[in-house]
Structures are given as C-alpha cells and as structure tokens.
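What the coordinates show
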Amino acid sequence: MNPSQTPAWKDLSQLAEAWKTRHLREVFDKDPQRAQRYVADACGIQLDYSKHRVDADTLKALFALAEQTGVAERRAAMFAGEKINNTENRAVLHVALRNRSNTPIQVDGADVMPEVNAVLDRMFAFADKLRCGLWLGRTGKAITDVVNIGIGGSDLGPLMVCEALKPYGQDDLRMHFVSNVDGAQIQQVLKKVNPETTLFIIASKTFTTIETLTNAHSARAWFLASGAAEADIAKHFVAVSTNGAAVSKFGISTDNMFGFWDWVGGRYSLWSAIGLPIILSLGPDNFRALLEGAHEMDQHFLTAPAEKNLPLLMGLIGVWYGNFLGSPSTVIAPYNQNLHRLPAYLQQLDMESNGKGVRREGEKVEYGTGPIIWGEPGINGQHAYFQLLHQGTHLIPLDFILALDQPGIDPKHHAILIASCFAQAAALMRGKTPDEVRAEFAKAGVAADKAEPLVPHKTFSGNRPSSMLLLDKLDPKHVGALIALYEHKVFVQGAVWGINSYDQWGVELGKQLATGIETALKGGGGELNYDASTQRLIALVRSRQQF
Ligand code: F6P
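Criteria and cut-off values
Residues numbered from 1 in each chain as written. Predicted model: local features only at pLDDT ≥ 70, side-chain atom pairs only at ≥ 80, totals over all residues. Heavy atoms only, no water. Near = heavy atom within 4 Å. Polar contact = N/O pair within 3.5 Å; in protein donor to acceptor, adjacent residues only side chain to side chain. Areas by Shrake-Rupley, 256 points an atom, 1.4 Å probe, with all protein chains shown as cover. Phe/Tyr/Trp six-rings, centres within 6.5 Å; stacked < 30°, edge-to-face > 60°. Helix = DSSP H or I, 4+ residues; strand = E, 2+ residues; numbered from the N terminus. Buried < 20%, exposed > 50% of the residue type's maximum accessible area, 1.4 Å probe, protein only. Core = buried A, V, L, I, M, F, W, Y, C linked by side-chain atoms within 4.5 Å. Contact = heavy atoms within 4.5 Å. Pairing = 2+ DSSP bridges. Axes fitted to C-alpha atoms, helices over the stretch in contact; angles between N-to-C directions.

So, the site of the ligand
- The environment of the ligand is formed by 14 residues, the closest being Gly-153, Ser-154, Ser-204, Thr-206 and Thr-209.
- Contacts to the ligand include Lys-205, whose backbone N or O atom sits 2.7 Å from an oxygen atom.
- Here an oxygen atom of the ligand sits 3.2 Å away from a polar atom, N or O, in the side chain of Lys-511.
- Here the ligand, which alone exposes 390 Å², has 88% of that area covered by the protein.

Topic: the packing of aromatic side chains
- Within this structure, the stated rule accounts for 18 aromatic pairs.
- Considering the side-chain rings of Phe-124 and Phe-287, the 6.4 Å spacing of their centres and the 75 degrees angle between planes classify their relative orientation as edge-to-face. Of this pair, Phe-124 sits in helix α7 (residues 113-131) while Phe-287 sits in helix α14 (residues 284-303); the two residues are 163 residues apart in sequence, bridging distant segments of the chain.
- By relative accessible area, which is 5% here, Phe-124 ends up buried.

Regarding the nonpolar core
- In this structure, Trp-263, Leu-280 and Trp-320 are the most contacted members of the largest nonpolar core, which totals 125 residues.
- Examining the composition of this core, we find that 13 residues originate from one element, helix α23 (residues 476-497), more than from any other.
- Beyond its immediate chain neighbours, meaning those up to four positions away, Leu-280 contacts Phe-126, Ala-127, Leu-130, Arg-131, Val-146, Leu-173, Leu-199 and Ile-201.

Section: the side chain of Gln-493
- Note that Gln-493 resides in helix α23.
- The buried category is assigned to Gln-493, whose relative accessible area is 1%.
- There is a polar contact of 2.9 Å between the side chain of Gln-493 and the backbone oxygen of Gly-315.
- At 3.1 Å, the side chain of Gln-493 forms a polar contact with the side chain of Lys-489.
- Dropping the residues within four chain positions of it, Gln-493 is found in contact with Met-314, Gly-315, Gly-318, Val-319, Asp-350, Asn-354 and Pro-371.

Observations regarding the sheet that holds strand β8 (residues 237-241)
- What the five strands build is an open sheet, ordered β6-β5-β7-β8-β9; its pairing is parallel. Where the open sheet ends on each side, the last strands, each with one partner, are β6 (174-178) and β9 (257-259). The average angle at which neighbouring strand axes cross in this sheet is 20 degrees, direction not considered.
- Bridge count between β8 and β9: three bridges; the pairing is parallel. Of the residues in β9, the one forming a bridge with Ala-239 is Met-257.
- Contacting β5 (145-149), β6, β7 (198-203) and β8, helix α10 (residues 210-225) runs over the sheet at an angle of about 155 degrees to β7.

Some points on unusual backbone geometry
- Phi is positive for Cys-43, close to 55 degrees, though the residue is something other than glycine.
- Residue placement: Cys-43 occurs in the loop between β1 (39-42) and β2 (45-48).
- The backbone of Asn-89 sits at a positive phi, close to 50 degrees, despite the residue not being glycine.
- Following the sequence through the fold, Asn-89 ends up in the loop between α5 (71-79) and α6 (94-97).

Describing helix α8 (residues 156-164)
- Judged by how many residues are buried, α8 sits mostly within the fold: nine of nine residues are covered.
- Those residues of α8 that sit buried are Leu-156, Gly-157, Pro-158, Leu-159, Met-160, Val-161, Cys-162, Glu-163 and Ala-164.
- Lining the buried residues of α8 we find β6, α13 (276-282), α14, α16 (342-354) and α23.

What about the side chain of Thr-6?
- Note that Thr-6 resides in the segment before α1 (7-19).
- Engagement of the side chain of Thr-6 in a polar contact is seen with the backbone oxygen of Pro-3, the distance being 2.6 Å.
- Those residues within four positions of Thr-6 in sequence are excluded, and the remaining contacts are Met-1, Leu-65, Gln-68 and Thr-69.

Some words on the pairing of β1
- Inspection of the sheet shows β1 paired to β2 by four bridges, in the antiparallel sense. Within the sheet, the bridge partner assigned to Asp-41 lies in β2 and is Gln-46.

With respect to the sheet that holds β2
- If you walk across this open sheet you meet the six strands as β1-β2-β13-β12-β10-β11, and the pairing is mixed. Taken across any chain shown, the strands that pair with only one partner, and hence form the sheet edges, are β1 and β11 (372-375). Averaged over all pairs of adjacent strands, the angle between their axes in this sheet comes to 20 degrees, without regard to strand direction.
- In this sheet, β11 lies alongside strand β10 (residues 329-334) in parallel orientation, the contact comprising four bridges. Bridging from a neighbouring strand, Val-331 pairs with Trp-374 of β11.
- Docked against the sheet, helix α19 (residues 411-430) engages β12 (398-403) and β13 (466-471), running at close to 160 degrees with respect to β12.

As structure tokens, then:
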C-alpha cells in the first residue's frame, strides 16, 4: 500500500495549504475550548496536543489515512504474532514479554508465554539471590557491582531505565554500563570495581557484535589476571543472548545464560532478559510494575478510540509534520534529569526502526519516512539548543516530557522545573510580535531610535508546535507506559508509510567494511579495496601506529 496514493493523503496535502497562513495564537484565540479538547489521557500519562497545527479537519483526515493504510490490521497482526518483519521472516512480539494478562500468544503454532514466564522466573530468582547477598563471588564475598557489557538495544534500554528509576535502586549494588570499544570506557569501569565482588553481564542478542565481544574479552582477561581460575568465571559472568552456541564458545556456561527469542528486536528488548540489569538494580517487583505499565499501554493502543489513542495520535501528528508541513525532525525534551538517556534511547528506537527508504515489498518510497530524533534534558536545552527552536529557520516540533511527581521531590526546585517547561512550550507557540517588543521597550523607557534596530532580533515568530506529555509520577509503571507509548508511536508511523520497522539492514554495510579495514590497519593487506579517501586514512594511521 502506497500511502501517497490514498484519498486521505490528497486531503491532507490540501489541508496543509490552509495551515501555511494560520498561526496557533489565532487558532487558540478563536477556539476557547481548544485547550480542553486536544488532550488525551491513558495509563497515568496525559498528552496535551493542543499546541499542534491540527484541528478537527486535520485529525479527521489523519484518522482516515490510518484507516486507508491499514494501521489497525497491522496492529492486530503484530499482537497476533504474525511475521510482520517480512525481510527476516520474524514475528514482532515485544508485547508478549509484558503480557501480564498471560493470554496465549502463538508463534508457529506454539504459545510463547510459558517460555517468557520461565525466563522471567529464572531472572527473578537470580536477582533475589544476588540482591540479598546470597550469590557469592569466588572468594565468598557478595556482589557489589554489576557491569553490563552491550551496545545499541543491549545497552541503551537498560541504561535508560536504570537511570530513570535510580531512586528505586538498591544503594549497595552499583550499576555500570560499557558499550564503547574505545578501551577507555571499560578501563574506567574496571578501575572502580573489585574483581572479587563484580558480576559481568555480557548482553548481546547475536553474541557476534564486535564491540561487545571485544569488551567482554577484556573484562574476562582482567578478571583472570586478578588470580581467578577459569572455573570462577561461572560466579562472575552471565550472558544474555539468543545464541547459546556463541555464549558457550566464549566460555560462559549456558546454565549462566538468560535467553530470549528472534521475535524480540534489539531496540525492543529491554522487557526481555536484556532487562536483567534493571531487575538486579530495581528488584523483581519494580520490573513487574514496569511490565505492567507497558502492558496497560498495549491494551490502550489496542482498544482506545482513535481520538483518545495516545500512540495513534502521536504517530499521526508526526506524519502530518513530516509529510505535509515540511518538518523532518522531532526534539525529545525530558525535564526530569533522571530521564536524561531517554533521547538517546528513542533515537535508536525510532531511527533504526523507521529510517527506511523502501516499502515492505521493496518499492522505493517517494515520501519522507522516519523523523530525525534528537534532544537532551529540556532544562539544559533551554540554555543550549532551544535558541534554534525559537528563532531558527527550521520548523521542529518538540515532545516536552515532565513527571509531576518523583521520589525525593523538592517543591522549590520542582516549581521552577515545571514553570520552565510550560514557559518554553508557551513561548514557542505564542512567540512575541514586533509590537509587543516595542511596547516592552517603551515600558522600560528605551527611546524609539535605540529600540527599533533591536526589534527584529527580539521578535519571536511563534507558531512552533509541541506535545506536552505529563506523567503522574516517575515510577516503574509510568516509565513502562511511556516507553511502550513511543514503541507504538513508531509502529503507527511505520504502518502508515508501509515500511518494515523491524529490520535494520542499514547498519550492516559499515560493519562489513570495518572488518576489512581493521585487517588493512594491521598490515594484512586489502587497503586498495577501498575508495581513495579511505585508502588515505588507512595509510595515515599505518604511518603513525602499529597494531
Ligand atoms: O548494529 C545494530 C544492532 O544490531 C542493533 O539493532 C542492536 O541493538 C545492536 O546492534 C546490538 O546487537 P546485539 O545485541 O546482537 O549485540
């Protein structure tokens, strides 16, 4: 299905023309109920989308687009375990990992829920033992530090959640994450930990990822160099993977492995055994709550009517900006500091999923697909990148994300945080007219001849859209719901564009080339296989360094 051939696409193109001359400030002035109307709540999360360039006609056409591109049918197919990842012939069932109602979900005629529950139970038992000091290291001491070695989906999800929910963590169990293969990151962590009291989690879906395996080998060598024997590895190394053979080859017994399945995409895997660092840090009960929050959002996505359906609304509004209003980028601006890794996590989730240029059947798309996702905690962004959002030449919608409660909240700080967040959204939407600037100058007693040259610089065009996502609380349940919300938003967009959101062939070419270039850097030949620029870079490094 080519979405650009649908009647709704044509309607939306026409509606977009009208929005070229409309300002959100006037839209609010004309419609006193707007602030109440464009709000939807689910799972303790409120989405206020009133500051978007949408109205009843736009929404109607967007819902028609979802209908005409078969979003509901694709959603049903995903939840039913159909192999919607067509290029890898795989089901896409992260929803099964948090299926707390435990209804059967079939893949190839077998219910996956018993296996899902069995791995969860093993992880919970392991975590209980380790957290209460009964899992002992080789010298009989309890574990004090956990080092997760992984990259991409095997790093970002657990890291982001452990940070987001830090106040729920166990104080005497420190978490560390190593992803970069630069050697410095692992060394810095190893300097801080004691081999007698450290547990390494080697997390890799494929267990072939060079960065992860290189770091894992370095950790293993460091551990053995501390006087430990090969037999002690079982007390200090566990693996999380779908590849038992490679785990054994590395030297970790599959008794110490927590498995998952090919129907769990790397960037959708924090709910699986990849979430082990979360379980160790926060404990089984909090992990269950995280799963429950996500499951509630899954049910909401499946059952809520379009105009109240958060993932559908967010997905369609994103399509509206990307395909009709010329805005290919979205900023993620969380205001609570503990959500500081959320933008990086969502960057992988969204851009690895929907950064595709062909439809499911292989035809080239002739419309924009996945948005460019970027961001940083909003309060810091205000003093950095927000200038461009307010007065730059690009139209870039934002997702403001704010939890209204969090453990250890200090009302004095929190009031400033909330005020800043709301102020930015208001300023972006309303802007400031030249006359308002002049009136400010006049009030401050600045003479007109001094004021006038500054008027264009102090004018804000406004009409810059944003979503406001308010979480009742920064706790496991709401964080679970928030992540699932974004997963389904990505799903909706992929379904509208008719692309496969669940493969990632685009990361393969660079990986292939890296292997050959590494050989060339080591003097193994093959440097002439590359373009002139790469050959020059290889020669430069070889002239300076021996590997
Ligand atoms: O290179 C991209 C990627 O395959 C991601 O999709 C994945 O999350 C990451 O690498 C890590 O892969 P693995 O868990 O197999 O080590």
